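# Descriptive structure summary
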Amino acid sequence: MKQFIDFIPLFLFFIVYKIDPRVVDLAGQQVTLGGIYSATAVLIISSLVVYGALFISQRKLEKSQWLTLIACLVFGSLTLAFHSETFLKWKAPVVNWLFALAFIGSHFIGDKLLIKRIMGHALTLPDAVWTRLNIAWIAFFLFCGAANLFVAFTFQSIWVDFKVFGSLGMTVLFLVGQGIYLSRHLHDADPTTPKTED
(Lines give C-alpha, C1' and ligand atoms only; values in the text may rest on other atoms or scores of the structure.)
Protein backbone atom coordinates (compact mmCIF):
# COMPACT_ATOMS: atom_id res chain seq x y z
CA MET A 1 0.00 0.00 0.00
CA LYS A 2 2.85 2.38 0.83
CA GLN A 3 4.24 1.82 -2.68
CA PHE A 4 0.98 2.96 -4.27
CA ILE A 5 0.57 6.04 -2.06
CA ASP A 6 3.73 7.35 -3.72
CA PHE A 7 1.92 7.28 -7.07
CA ILE A 8 -0.87 9.72 -6.05
CA PRO A 9 1.25 12.86 -6.69
CA LEU A 10 2.58 11.25 -9.87
CA PHE A 11 -0.93 10.70 -11.23
CA LEU A 12 -1.83 14.33 -10.51
CA PHE A 13 1.43 15.39 -12.18
CA PHE A 14 0.50 13.32 -15.25
CA ILE A 15 -3.03 14.76 -15.48
CA VAL A 16 -1.84 18.38 -15.33
CA TYR A 17 1.04 17.67 -17.74
CA LYS A 18 -1.42 16.37 -20.35
CA ILE A 19 -3.64 19.47 -20.19
CA ASP A 20 -3.10 21.90 -23.07
CA PRO A 21 -1.44 24.94 -21.48
CA ARG A 22 -3.96 27.66 -20.64
CA VAL A 23 -4.12 30.67 -18.37
CA VAL A 24 -6.66 30.34 -15.55
CA ASP A 25 -7.72 32.66 -12.74
CA LEU A 26 -6.83 31.19 -9.35
CA ALA A 27 -7.64 33.24 -6.23
CA GLY A 28 -7.39 36.42 -8.26
CA GLN A 29 -4.06 35.43 -9.79
CA GLN A 30 -3.41 34.50 -13.41
CA VAL A 31 -1.60 31.15 -13.53
CA THR A 32 -0.70 28.83 -16.38
CA LEU A 33 -2.19 25.35 -16.11
CA GLY A 34 -0.85 22.51 -18.23
CA GLY A 35 2.60 21.46 -19.38
CA ILE A 36 5.69 20.42 -17.51
CA TYR A 37 6.17 23.38 -15.19
CA SER A 38 2.66 23.67 -13.80
CA ALA A 39 2.64 19.85 -13.50
CA THR A 40 5.87 20.09 -11.50
CA ALA A 41 4.28 22.65 -9.17
CA VAL A 42 1.31 20.31 -8.71
CA LEU A 43 3.71 17.44 -8.00
CA ILE A 44 5.40 19.44 -5.24
CA ILE A 45 2.15 20.67 -3.68
CA SER A 46 0.40 17.27 -3.84
CA SER A 47 3.47 15.55 -2.36
CA LEU A 48 3.44 17.98 0.55
CA VAL A 49 -0.31 17.37 1.04
CA VAL A 50 -0.13 13.55 0.78
CA TYR A 51 2.94 13.10 2.99
CA GLY A 52 1.80 15.86 5.32
CA ALA A 53 -1.52 14.05 5.82
CA LEU A 54 0.32 10.79 6.42
CA PHE A 55 2.61 12.47 8.95
CA ILE A 56 -0.35 13.97 10.81
CA SER A 57 -2.29 10.68 10.87
CA GLN A 58 0.66 8.41 11.70
CA ARG A 59 2.87 10.90 13.60
CA LYS A 60 5.75 9.75 11.40
CA LEU A 61 6.88 8.99 7.88
CA GLU A 62 8.90 5.99 6.73
CA LYS A 63 12.48 6.75 5.67
CA SER A 64 11.56 5.87 2.08
CA GLN A 65 8.72 8.41 2.19
CA TRP A 66 11.04 11.11 3.55
CA LEU A 67 13.48 10.36 0.72
CA THR A 68 10.73 10.52 -1.90
CA LEU A 69 9.39 13.80 -0.50
CA ILE A 70 12.81 15.45 -0.22
CA ALA A 71 13.75 14.34 -3.76
CA CYS A 72 10.48 15.75 -5.06
CA LEU A 73 11.08 19.09 -3.34
CA VAL A 74 14.73 19.32 -4.46
CA PHE A 75 14.39 18.20 -8.09
CA GLY A 76 11.01 19.88 -8.54
CA SER A 77 12.25 23.19 -7.15
CA LEU A 78 15.37 23.07 -9.36
CA THR A 79 13.14 22.37 -12.38
CA LEU A 80 11.02 25.45 -11.64
CA ALA A 81 13.92 27.68 -10.61
CA PHE A 82 16.02 27.00 -13.71
CA HIS A 83 13.05 26.35 -16.01
CA SER A 84 14.62 23.08 -17.12
CA GLU A 85 12.92 19.68 -17.05
CA THR A 86 16.33 17.99 -16.99
CA PHE A 87 16.37 18.16 -13.19
CA LEU A 88 13.01 16.38 -12.92
CA LYS A 89 14.19 13.68 -15.33
CA TRP A 90 16.94 12.80 -12.85
CA LYS A 91 14.55 12.44 -9.89
CA ALA A 92 13.33 8.87 -10.56
CA PRO A 93 16.80 7.44 -11.36
CA VAL A 94 18.41 9.06 -8.32
CA VAL A 95 15.63 7.98 -5.92
CA ASN A 96 15.65 4.41 -7.24
CA TRP A 97 19.42 4.17 -6.99
CA LEU A 98 19.39 5.56 -3.44
CA PHE A 99 16.86 2.87 -2.50
CA ALA A 100 19.13 0.26 -4.11
CA LEU A 101 22.07 1.64 -2.15
CA ALA A 102 20.11 1.33 1.10
CA PHE A 103 19.32 -2.33 0.37
CA ILE A 104 22.97 -2.96 -0.58
CA GLY A 105 24.19 -1.27 2.59
CA SER A 106 22.02 -3.51 4.77
CA HIS A 107 24.22 -6.45 3.71
CA PHE A 108 27.13 -4.79 5.49
CA ILE A 109 25.57 -2.52 8.12
CA GLY A 110 23.25 -3.61 10.91
CA ASP A 111 22.13 -7.03 12.03
CA LYS A 112 19.19 -7.40 9.61
CA LEU A 113 18.74 -7.03 5.88
CA LEU A 114 16.56 -4.09 4.96
CA ILE A 115 13.84 -6.28 3.43
CA LYS A 116 13.68 -8.27 6.68
CA ARG A 117 13.30 -5.06 8.67
CA ILE A 118 10.43 -4.06 6.40
CA MET A 119 8.62 -7.40 6.14
CA GLY A 120 9.98 -9.40 9.07
CA HIS A 121 7.05 -8.51 11.33
CA ALA A 122 4.67 -10.21 8.90
CA LEU A 123 6.72 -13.17 7.65
CA THR A 124 9.13 -15.72 9.05
CA LEU A 125 11.47 -16.97 6.35
CA PRO A 126 14.83 -18.75 6.16
CA ASP A 127 17.83 -16.42 6.05
CA ALA A 128 18.71 -17.56 2.53
CA VAL A 129 15.27 -16.47 1.29
CA TRP A 130 15.61 -13.06 2.94
CA THR A 131 18.99 -12.66 1.23
CA ARG A 132 17.59 -13.55 -2.20
CA LEU A 133 14.65 -11.21 -1.63
CA ASN A 134 16.94 -8.34 -0.64
CA ILE A 135 19.08 -8.91 -3.74
CA ALA A 136 15.92 -8.96 -5.88
CA TRP A 137 14.94 -5.53 -4.52
CA ILE A 138 18.43 -4.22 -5.27
CA ALA A 139 18.17 -5.45 -8.86
CA PHE A 140 14.65 -4.02 -9.17
CA PHE A 141 15.66 -0.53 -8.05
CA LEU A 142 18.81 -0.52 -10.18
CA PHE A 143 16.79 -1.58 -13.22
CA CYS A 144 14.01 0.97 -12.56
CA GLY A 145 16.54 3.76 -12.22
CA ALA A 146 18.32 2.81 -15.44
CA ALA A 147 15.04 2.37 -17.34
CA ASN A 148 13.75 5.78 -16.22
CA LEU A 149 17.03 7.46 -17.15
CA PHE A 150 17.17 5.78 -20.57
CA VAL A 151 13.59 6.66 -21.50
CA ALA A 152 13.80 10.23 -20.13
CA PHE A 153 16.79 11.15 -22.29
CA THR A 154 16.12 8.92 -25.32
CA PHE A 155 12.35 9.05 -25.83
CA GLN A 156 11.50 12.54 -24.65
CA SER A 157 7.98 12.47 -26.08
CA ILE A 158 6.90 9.60 -23.82
CA TRP A 159 9.09 10.02 -20.74
CA VAL A 160 6.27 11.37 -18.56
CA ASP A 161 3.98 8.49 -19.59
CA PHE A 162 6.76 6.04 -18.73
CA LYS A 163 7.56 7.83 -15.46
CA VAL A 164 3.99 7.20 -14.29
CA PHE A 165 2.69 4.07 -16.00
CA GLY A 166 6.01 2.37 -16.75
CA SER A 167 7.10 2.72 -13.13
CA LEU A 168 3.70 1.55 -11.89
CA GLY A 169 3.73 -1.42 -14.25
CA MET A 170 7.24 -2.46 -13.22
CA THR A 171 6.27 -2.18 -9.55
CA VAL A 172 3.12 -4.28 -9.96
CA LEU A 173 4.95 -6.97 -11.95
CA PHE A 174 7.75 -7.11 -9.39
CA LEU A 175 5.35 -7.34 -6.45
CA VAL A 176 3.39 -10.12 -8.17
CA GLY A 177 6.65 -11.98 -8.83
CA GLN A 178 7.69 -11.46 -5.22
CA GLY A 179 4.34 -12.82 -4.04
CA ILE A 180 4.71 -15.93 -6.20
CA TYR A 181 8.25 -16.47 -4.93
CA LEU A 182 7.23 -16.02 -1.30
CA SER A 183 4.28 -18.40 -1.66
CA ARG A 184 6.78 -21.20 -2.33
CA HIS A 185 8.45 -20.57 1.03
CA LEU A 186 5.56 -19.87 3.38
CA HIS A 187 5.56 -23.52 4.47
CA ASP A 188 9.11 -22.91 5.75
CA ALA A 189 7.79 -20.47 8.33
CA ASP A 190 8.72 -22.51 11.43
CA PRO A 191 11.64 -20.53 12.90
CA THR A 192 12.81 -23.51 14.96
CA THR A 193 13.60 -25.59 11.89
CA PRO A 194 14.57 -23.14 9.18
CA LYS A 195 15.22 -24.52 5.74
CA THR A 196 17.89 -22.95 3.60
CA GLU A 197 17.30 -24.79 0.37
CA ASP A 198 15.40 -23.10 -2.46
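Going by the structure above, here's the rest.
This section reports on the structure supplied with the text. Please read these numbers as outputs of a predicted model, since none were measured by experiment. (Residues numbered from 1 in each chain as written. Predicted model: local features only at pLDDT ≥ 70, side-chain atom pairs only at ≥ 80, totals over all residues. Heavy atoms only, no water.)

Bringing the pattern of salt bridges into the picture now. Should their charged atoms come close, side chains of opposite charge can pair. On inspection of all chains with the given rule, the structure shows 3 salt bridges. Close ionic contact of Lys-18 with Asp-161 constitutes a salt bridge, the shortest N to O distance being 3.3 Å. Here the residue Lys-18 occupies a position in helix α2 (residues 7-18), and Asp-161 occupies one in helix α8 (residues 159-183), the gap between them amounting to 143 residues. Classification of Lys-18 by relative accessible area gives partly exposed; the value is 42%. According to the relative accessible area criterion, Asp-161 is partly exposed, its value standing at 25%. (Salt bridge = Lys/Arg side-chain N within 4 Å of Asp/Glu carboxyl O. Helix = DSSP H or I, 4+ residues; strand = E, 2+ residues; numbered from the N terminus. Buried < 20%, exposed > 50% of the residue type's maximum accessible area, 1.4 Å probe, protein only.)

Our focus in this paragraph is α8. Working note: α-helix, 3.6 residues per turn, so residues spaced by three or four point in the same direction. Here α8 is 25 residues long and its end C-alpha atoms lie 35 Å apart, about the 36 Å a rise of 1.5 Å per residue gives. At Phe-165, α8 shows its maximal kink, close to 30°. (Expected span 1.5 Å × (residues − 1). Bend = angle between axes of the 7 residues up to and from the residue.)

Another aspect to go through is the packing of aromatic side chains. Using the criterion set out here, one finds 16 aromatic pairs in the structure. Between the aromatic rings of Phe-55 and Trp-66, the centroid separation amounts to 6.1 Å while the plane-to-plane angle is 65°, which identifies the pairing as edge-to-face. Of the two residues, Phe-55 is situated in helix α3 (residues 36-58) and Trp-66 in helix α4 (residues 63-82); the sequence distance between them amounts to 11 residues. Residue Trp-66 is classed as partly exposed on the basis of its relative accessible area, which comes to 38%. Judged by centre distance (6.0 Å) and plane angle (10°), the ring pair of Phe-103 and Trp-137 falls under stacked. Here Phe-103, found in helix α5 (residues 86-105), pairs with Trp-137, found in helix α7 (residues 127-154); they are 34 residues apart in sequence, far enough to count as distant. Taking the relative accessible area as the measure of exposure, Trp-137 reaches 6% and is therefore buried. By the ring-pair criterion, three or more aromatic residues cluster together here, those being Phe-99, Phe-103, Trp-137, Phe-140, Phe-141 and Phe-174. Directly above the ring of Phe-153 sits Lys-89, whose terminal nitrogen or CZ lies 5.3 Å from the centroid. (Phe/Tyr/Trp six-rings, centres within 6.5 Å; stacked < 30°, edge-to-face > 60°. Lys NZ or Arg CZ within 6 Å of the ring centre and 35° of its normal.)

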